[in-house]
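Each chain, written out:
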Amino acid sequence: FAVVVAIDFGTTSSGYAFSFSSDPEAIHMMRKWEGGDPGVANQKTPTSLLLTPEGTFHSFGYTARDYYHDLDPEEARDWFYFEKFKMKIHSTSDLTMKTELEAVNGKKMQALEVFAHALRFFKQQAVQELRDQCPSLPARDAIRWVITVPAIWKQPAKQFMREAAYKAGLVSPENPEQLLIALEPEAASIYCRKLRLHQLIDLSCKPPANGLAPDHPIDSSFRQAREQLRRPRHSRTFLVESGVGELWSEMQAEWDRGAGLGGASWTGMWVGEGAGQDRGTRAAAGGPYGAVGVDLAFEKLLCHIFGEDFIATFKAKRPAAWVDLTIAFEARKRAAAPSRASPLNISLPFSFIDFYRKHRGQNVETALKKSNVNFVKWSSQGMLRMSSEAMSELFQPTISQIIKHIGDLLKKPEVQGIKFLFLVGGFAESAMLQRAVQAAFGSACRVIIPQDVGLTILKGAVLFGLDPTIVRVRRSPLTYGVGVLNKFVEGKHPREKLLVKEGKNWCTDIFEKFVSVDQSVALGEVVQRSYCPARPGQRKTIINIYCCATDDVIYITDPGVRKCGTISLELDALGDAGGPARGRREIRASMQFGDTEIKVTAMDIRTAKTVRATIDFLS
């Protein structure tokens with residue numbers, strides 16, 4: 001591939017970056033094609049999508065947000081405006097191709113359409129920019145695409161993102177290898193390990209009173225740590241932590257020797273929004289751990305002051321004005337800092353004030369007084385005046401969860417001796433989070449923030465696209481297997497599992513494992529199983545895949561075991577080119593669990609021909 005383009009599809013903001021394989025050291029951030037917000041220095045654009053009342057694409061990012069905001073309230077009810085919709089894919093327990101998303105005004109549309117519109121927009125922007133830079137770039141197959149997803153996303157959500165990319169025309173389903181799914185924490189850590197000392201900020205080194213930065217922000221201990229990392233199998237040096245996209249506990253990744261860190265292990269941790277799942281010693285505690293948690297706390301505060309029913313009505317009847325209010329809060333949220341003493345003013349849209357007066361028969365100032373909310377006042381300029389204490393309270397629940405999770409992890413024996421903790425991702429830009437993490441863990445390890453902290457995932461995803469083998473080992477998040485028949489053993493197998501077939505006693509529903517939860521699986525490592533079609537001339541074999549969060553599973557009917565997908569083997573009716581199949585055919589299926597997605601290939605043993613094999617987690 002001549003060029004790698006990575007798309008960071010974020011909860012709050014999204015963007016793309018690219019690198020030419022002829023010059024892999026240079027990572028180019030997307031050009032700014034639209035205006036941003038005052039007080040928000042960001043090279044990415046809001047994850048906001050606007051579709052016309054007919055459901056066709058209108059705009060994305062700031063343009064979508066501002067256009068929707070300017071629509072007449074009656075007109076806005078017919079348009080589809082989506083924002084912060086990414087994590088719905090993770091929180092939907094029965095995700096399918098037909099799952100629907102709700103727009104801000106309550107209108108519904110298929111989630112696959114929504115994601116495809118957003119990805120198609122990024123494809124068009126990126127391809128146009130590449131053409132401007134490199135007119136000779138071939139029109140087809142020159143670009144390898146990388147899309148980032150949270151590491152806690154299960155297989156259906158990853159497959160969903162791939163299907164959306166196919167629908168958006170990023171790549172064709174016939175060339176699946178042209179699209180890589182990258183895990184956000186892996187991408188962030190790939191980028192962090194390439195940084196030089198001058199690209200890192202050590203929060204434990206406070207600048208002296210004269211305002212000058214200290215001479216040696218990160219001392220020789222970091223160099224020593226990096227030297228140690230070059231020794232094979234050395235680990236426990238870094239912890240990568242973020243309050244951005246999701247929660248990721250203790251991933252160990254072995255890096256390619258050629259990449260400069262030898263076979264070193266990273267013990268990584270990723271904290272962010274998304275419900276985690278209990279994984280024994282690698283428990284992931286869930287909750288909205290990213291900046292969105294602060295937005296939810298602000299909405300809760302408004303519900304407390306003005307009433308939950310009123311806020312719900314206002315969002316439905318005046319969706320554009322609601323978006324306007326969230327924009328005003330976003331800018332104030334970014335200005336929040338522990339050292340700030342002056343209050344933060346959040347301007348309430350006129351339509352909010354007017355709507356409240358008409359619905360409640362009183363003004364917002366009266367509502368504020370009646371609510372007895374501490375530290376929030378009404379200013380004569382028509383603004384909510386939030387004291388620094390009130391703003392801190394909005395951050396508190398999310399930050400407390402992050403601090404608790406890091407604390408719980410640091411107590412585990414597997415992560416003893418951690419020397420450095422890296423904060424990465426969008427929420428890591430927050431001075432509130434930085435101060436809290438430094439205060440809680442600064443005495444135990446050095447808290448480091450990389451340069452361009454909000455772009456660590458995006459730049460790391462480009463590096464991953466240039467060399468997908470850089471992460472050589474991953475842990476399986478679940479136990480995967482299939483149901484098989486075994487010979488029935490009296491006293492060992494329960495009677496209800498007995499099946500008598502052709503005079504032989506079989507035990508049904510045995511869970512045959514492919515891979516166990518937390519098992520280290522190397523990139524390219526293959527699990528092989530052979531299957532014989534039941535009938536001659538059979539055109540298709542479907543094999544159900546089961547998964548479980550524990551390792552002690554015996555039967556596919558055990559508690560906690562669920563059917564999670566299917567493997568389809570497309571067989572031609574003829575055993576070989578010479579005529580009808582003679583004897584039993586044997587199809588060998590090879591599965592890979594060491595990549596970011598589970599993959600399957602298959603072969604007819606007798607003819608050595610490839611059999612079309614697909615794996616589906618969305619049906």
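Residues numbered from 1 in each chain as written. Predicted model: local features only at pLDDT ≥ 70, side-chain atom pairs only at ≥ 80, totals over all residues. Heavy atoms only, no water.

The protein is annotated in an unreviewed UniProt entry as Heat shock 70 kDa protein 12B of Nipponia nippon.

Undergrad: In this structure, what is going on with the packing of aromatic side chains? I would like to understand it.
TA: What characterises a pair of aromatic rings is the spacing of the ring centres plus the angle enclosed by the ring planes. Overall, the coordinates contain 26 aromatic pairs when judged by the stated rule. Here Phe-18 and Phe-20 contribute two aromatic rings whose centre-to-centre distance is 5.9 Å and whose plane-to-plane angle is 85°, an arrangement assigned as edge-to-face. The same class applies to Phe-18 and to Phe-20, which are both buried. A ring pair is formed by Phe-514 and Phe-593, whose centres lie 6.2 Å apart and whose planes are at 45°; its orientation type is tilted. On the criterion of sequence distance, the pair formed by Phe-514 in strand 25 (residues 504-515) and Phe-593 in the loop between strand 30 (587-592) and strand 31 (599-604) is long-range, its members being 79 residues apart. An identical accessibility class is assigned to Phe-514 and Phe-593; each is buried. Members of the aromatic cluster, joined through ring pairs, are Phe-9, Phe-80, Phe-82, Phe-85, Phe-115 and Phe-160. (Phe/Tyr/Trp six-rings, centres within 6.5 Å; stacked < 30°, edge-to-face > 60°. Buried < 20%, exposed > 50% of the residue type's maximum accessible area, 1.4 Å probe, protein only. Helix = DSSP H or I, 4+ residues; strand = E, 2+ residues; numbered from the N terminus.)

Undergrad: Before we go on, may I ask you to explain the sheet that holds strand 29 (residues 562-570) in this structure?
TA: Hydrogen bonds between backbone atoms are what pair the strands of a sheet, whose relative direction is either parallel or antiparallel. As summarised here, the arrangement of the nine strands in space is 24-25-23-28-29-32-31-30-27, forming an open sheet in which the pairing is antiparallel. Here the strands that pair on one side only, and so sit at the sheet edges, are strand 24 (498-501) and strand 27 (526-531). The sheet shows a mean angle of 35° between the axes of neighbouring strands, taken without regard to direction. Looking at chain direction, strand 30 and strand 31 are connected through six bridges and run antiparallel. Residue pairing in the sheet places Met-591 in a bridge with Val-600 of strand 31. (Pairing = 2+ DSSP bridges. Axes fitted to C-alpha atoms, helices over the stretch in contact; angles between N-to-C directions.)

Undergrad: In this structure, what is going on with the packing of helix 13 (residues 388-410) against helix 14 (residues 431-441)? I would like to understand it.
TA: Packed helices, taken two at a time, are described by the angle their axes make and the gap between the axes. Two elements in contact, helix 13 and helix 14, have axes separated by 10 Å at closest approach and are oriented at 40°. The angle between helix 13 and helix 14 falls in the class oblique. Considering only the axes of helix 13 and helix 14, their crossing is right-handed. Contacts from Ser-392, Phe-395, Ile-399, Ile-402, Ile-403, Ile-406, Gly-407 and Leu-410 of helix 13 reach helix 14 at Met-432, Leu-433, Ala-436, Val-437, Ala-440 and Phe-441. Tallied by class, residues from the contact of helix 13 with helix 14 come to 12 nonpolar, two polar and no charged. (Parallel < 35°, antiparallel > 145°, perpendicular 65-115°, else oblique. Left-handed = near helix turned anticlockwise from the far one by under 90°. Contact = heavy atoms within 4.5 Å. Nonpolar A, V, L, I, M, F, W, Y, C, P; charged D, E, K, R; others polar.)

Undergrad: What should I look at first to understand the side chain of Arg-585 in this one?
TA: In this structure, Arg-585 sits in the loop between strand 29 and strand 30. A distance of 2.7 Å separates polar atoms of two side chains, one belonging to Arg-585 and the other to Asp-604. (Polar contact = N/O pair within 3.5 Å; in protein donor to acceptor, adjacent residues only side chain to side chain.)

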